Amino acid sequence: VTDPPGSSTVWIVDDDLGFVCWLGEIFTEARCQALPALSCEQALSLMKRLDLGADLIVVNPHFPGVSAMLETLSHANRRLKVVTIQNPSEPQVTAVKSQATLERPSGSDPISRPEWLKKVRKLLTEVKAAAAI
Amino acid sequence: MSPAPVLSKARPVTDQRLHCRYPIRLELEYRVLNKGRAEQLGLGRTLDISSGGVLFEANDSLPVHSRIQLLLNWPFSSEGICPLKLLIRGHVIRSVDGAVAVRTERHEFRLAGVCSSNSRLSGEKVGSRMR
C-alpha cells in the first residue's frame, strides 16, 4: 500500500469526526492521501465526484451498506485493501471481510501521535502482506 | 447529484467515544450567529476534536450559548488542491482565556474544488451528520 510513497489513496469512513480527522492526519504522515466520508453512501458519491479510487478503505463495519460498498469498490480495484474499525471492548465484526482491524481508542486512552503513526505504518505493512497471500 | 444528508442510521455513539479527544491542529474560520446572521467572525485553530465537540483557540472571547459555525479545510489530500471543507455547527459552551469549546450538533463535508480565497464558507454539500 505504501509504495510508491504518497500514491496510496485511503478513505476513512466513520461517523466519529475526531477519529476521522485524527486518522486523516496520521495516514498523511504515513505518506498516504487520506479522504473522509461520514457514510458508505457519501464515500461512493465523493469518489465518483472527485474521480478518485481507493487503495485502502478504513471503514466502520456497522455502517449500513458497507458490504455493497466494498463489493463495488473491489470490482473497480481488485487490489483494494480493507481495514475495519473496531470499538473497544466489543467483539470483532466478522461479517465484513478485511485484511486488518484498527481499534478505536476509548476515552481513557492517551492519544500519542508517535504511537499512532507506528500503529498505522504497521497496519499498512500488514494489509500489504495479507493482500499478497 | 448529491446524496441525501446522512442523519441517523449509524450505530449510536458510546460514552467511551464521547470522551475521546484527538489533538489535531487545524486552521478554522468561525461565525457566531444570531438569528441566522453572522454577528462575529474570526479565525482560530483547533486544539482538539472529539465526536461531540471542538476545542479551539481564538483571539476573541465568544458568548457562551451562542450558535456558531466552524469551517475547516480538509488538509490531508493531494498537493495543490483541497477539494473538501468541513462545516461544523453547534453551540459555544465555554470560552475562557482564548480557548473556545463548542458542542457539535451537526457536521458535514462540502466539495470546494480548487482552493481559493473566495471559497470561504461556501461549497457544495455532500453529506452531513447530526449528533
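Residues numbered from 1 in each chain as written. Chains lettered and ligands numbered in written order. Predicted model: local features only at pLDDT ≥ 70, side-chain atom pairs only at ≥ 80, totals over all residues. Heavy atoms only, no water.

1. Comments concerning the overall build of chain B
Where we set the bar: Each helix corresponds to a stretch of at least 4 residues labelled H or I by DSSP, and each strand to a stretch of at least 2 residues labelled E; elements are numbered beginning at the N terminus. Here's how the labels work: a residue is buried when its accessible area is under 20% of the maximum for its type, exposed when over 50%, partly exposed in between, all with a 1.4 Å probe on protein chains only. Pairs of residues are marked as contacts when any of their non-hydrogen atoms sit within 4.5 Å. Using the Shrake-Rupley algorithm and a 1.4 Å probe, accessible areas are obtained, with residue cover drawn only from the displayed protein chains.
Along chain B, the regular secondary structure elements total one helix and seven strands. Its helices and strands in sequence order give chain B the pattern α-β-β-β-β-β-β-β, from N to C terminus. Relative to its full complement of 131 residues, chain B shows a buried share of 47%. Restricting the contact set of chain B to residue pairs at least 6 apart, pairs at least 24 apart contribute 52%. Accessible area of chain B: about 6800 Å², with a carbon and sulfur share of 50%.

2. A look at the confidence of the model for chain A
Selection criterion: For every residue, the predictor assigns a confidence score, pLDDT, that lies between 0 and 100.
Per-residue confidence for chain A gives a mean pLDDT of 88, with 92% of residues at or over 70. Model confidence for chain A, summarised as mean pLDDT per element, is weakest for helix α4 (residues 113-132) of chain A at 89 and strongest for strand β3 (residues 56-59) of chain A at 97.

3. Some points on unusual backbone geometry
Look at A:D51: it is not a glycine, yet its phi comes out positive at around 55 degrees. Accessibility expressed as a relative area gives 69% for A:D51, which makes it exposed. Non-glycine residue B:K35 carries a positive phi angle of around 55 degrees. Residue placement: B:K35 occurs in the loop between β1 (27-34) and β2 (37-49).

4. Observations regarding the nonpolar core
Inclusion rule: The nonpolar core is taken to be a set of buried Ala, Val, Leu, Ile, Met, Phe, Trp, Tyr and Cys residues, with the residues joined through side-chain atoms within 4.5 Å.
Residues A:F27, A:I57, B:F56 and B:L70 are the most contacted members of the largest nonpolar core, which totals 72 residues. For this core, the element with the highest residue contribution is helix α1 (residues 17-29) of chain A, accounting for eight residues. Beyond its immediate sequence surroundings of up to four residues, A:I57 is in contact with A:W11, A:V13, A:M47, A:M69, A:L70, A:L73, A:L80, A:K81, A:V82 and A:V83.

5. Considering helix α3 (residues 66-76) of chain A
All names here are of chain A. We apply this condition: Comment: arc refers to directions from the helix axis out to C-beta atoms.
Along α3, the residues classified as buried are V66, M69, L70 and L73. Taken around the axis of α3, the buried residues stretch over an arc of 95 degrees, which confines them to a single face. For α3, the exposed residues lying more than 90 degrees away from the buried face are E71 and H75. In this structure, the buried side of α3 is in contact with α2 (40-50), β3 and β4 (81-86).

6. Concerning the packing of aromatic side chains
Both the distance between ring centres and the angle between the ring planes are used here to describe each pair of aromatic rings. Here is the rule: Between rings of Phe, Tyr and Trp, where Trp is taken as its six-membered ring, a pair exists when centres lie within 6.5 Å; planes separated by under 30 degrees are stacked, by over 60 edge-to-face, and by other angles tilted. Our definition puts a charge over a ring when NZ of Lys or CZ of Arg is within 6 Å of the ring centre and also within 35 degrees of the ring normal.
Scanning all chains against the criterion turns up five aromatic pairs over all chains. Taken together, a centroid distance of 6.1 Å and an interplanar angle of 35 degrees make the contact between A:W22 and B:Y22 tilted. Of this pair, A:W22 sits in helix α1 while B:Y22 is found in the loop between α1 (15-18) and β1, placing the two residues in two different chains. A ring pair is formed by B:W74 and B:F109, whose centres lie 5.8 Å apart and whose planes are at 90 degrees; its orientation type is edge-to-face. Of this pair, B:W74 sits in the loop between β4 (67-73) and β5 (84-96) while B:F109 sits in strand β6 (residues 99-111), and the two are 35 residues apart along the sequence. Residue class for B:W74 comes out buried when judged on its relative accessible area of 2%. Members of the aromatic cluster, each reached through a chain of ring pairs, are A:F19, A:W22, A:W116 and B:Y22. Across the ring face of A:W116, the terminal group of A:K119 is positioned such that the distance to the ring centre comes to 4.0 Å.

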